Amino acid sequence: INAVYFAASGVKGGIKAIEESGKNLIIITCDDFPFIKEQIKAGKVQATVCQEPFRQGHEAVHQGLQHLISGQFPANPIIYMKNEIKIAENIK
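Residues numbered from 1 in each chain as written. Predicted model: local features only at pLDDT ≥ 70, side-chain atom pairs only at ≥ 80, totals over all residues. Heavy atoms only, no water.

A. Looking closely at the pairing of strand 3 (residues 47-50). Sheet topology note: the strand 2 (residues 26-30)/strand 3 ladder contains three bridges and is parallel. Across the sheet, Thr29 pairs through a bridge with Thr48, a residue of strand 3. On the question of chirality, the crossover connecting strand 2 to the parallel strand 3 by way of helix 2 (residues 34-41) is right-handed. When strand 3 meets strand 4 (residues 84-86), the two strands line up antiparallel, connected through three bridges. Following the sheet pairing, Thr48 is matched in strand 4 by Lys86. (Pairing = 2+ DSSP bridges. Helix = DSSP H or I, 4+ residues; strand = E, 2+ residues; numbered from the N terminus. Right-handed = clockwise from strand over helix to strand, strands pointing away.)

B. A look at the packing of helix 1 (residues 11-21) against helix 2. For the pair helix 1 and helix 2, interaxial distance at closest approach is 11 Å and the crossing angle is 30°. It follows that helix 1 is roughly parallel to helix 2 by the angle criterion. The residues of helix 2 that touch helix 1, namely those facing Val11, Lys12 and Ile15, are Phe35, Ile36 and Gln39. (Axes fitted to C-alpha atoms, helices over the stretch in contact; angles between N-to-C directions. Parallel < 35°, antiparallel > 145°, perpendicular 65-115°, else oblique. Contact = heavy atoms within 4.5 Å.)

C. A look at unusual backbone geometry. Phi at Asp31 is positive, roughly 70°, even though this residue is not glycine. For Asp31, the location among the structural elements is in the loop between strand 2 and helix 2. For Glu52, which is not a glycine, the phi torsion comes out positive at approximately 50°. Summarising the element assignment, Glu52 is placed in the loop between strand 3 and helix 3 (53-70). Taking relative accessible area as the criterion, Glu52 reaches 27% and is therefore assigned partly exposed. (Buried < 20%, exposed > 50% of the residue type's maximum accessible area, 1.4 Å probe, protein only.)

D. Fine view of the side chain of Glu59. The residue Glu59 is located in helix 3 in this model. No salt bridge forms around the buried Glu59; measuring N to O, its nearest opposite-charge neighbour Arg55 is 4.1 Å away. Leaving out residues up to four positions away in the same chain, Glu59 has contacts with Ile79 and Met81. (Lys, Arg positive; Asp, Glu negative; His and termini not counted. Salt bridge = Lys/Arg side-chain N within 4 Å of Asp/Glu carboxyl O.)

E. Just helix 3, in detail. Between its first and last C-alpha, helix 3 extends 26 Å over 18 residues, near the 26 Å set by a 1.5 Å rise per residue. Looking at the residues trailing helix 3, positive phi occurs at Gly71, about 75°. (Expected span 1.5 Å × (residues − 1).)

F. View of the nonpolar core. By size, the foremost hydrophobic cluster in this structure holds ten residues: Phe6, Val11, Ile15, Ile18, Leu25, Ile27, Ile36, Ile40, Val45 and Ile91. Those elements giving two or more residues to this core turn out to be helix 1 and helix 2. Excluding its chain neighbours within four sequence positions, the residues that come into contact with Val11 are Phe6, Thr29, Phe35 and Ile36. (Core = buried A, V, L, I, M, F, W, Y, C linked by side-chain atoms within 4.5 Å.)

Encoded structure:
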């Protein structure tokens, strides 16, 4: 293999294991938590896919609560999230 994609937690341990193996792999993750940002800036992670995790959770709870309280369904059952791929050149 020449690349690893972390779709969930375990990034810190995974990066440590890759470093200990001595392999030079392309690493791609999800979201831009402080640890991930540090790893991108250090050149250890090449990219991260951001998909608004806070908004995903908030919208789900909000819509569910609205339905429980008032019986209302969302006007539009599809809620689009902004997806971004962040790399060293565009991560803040």
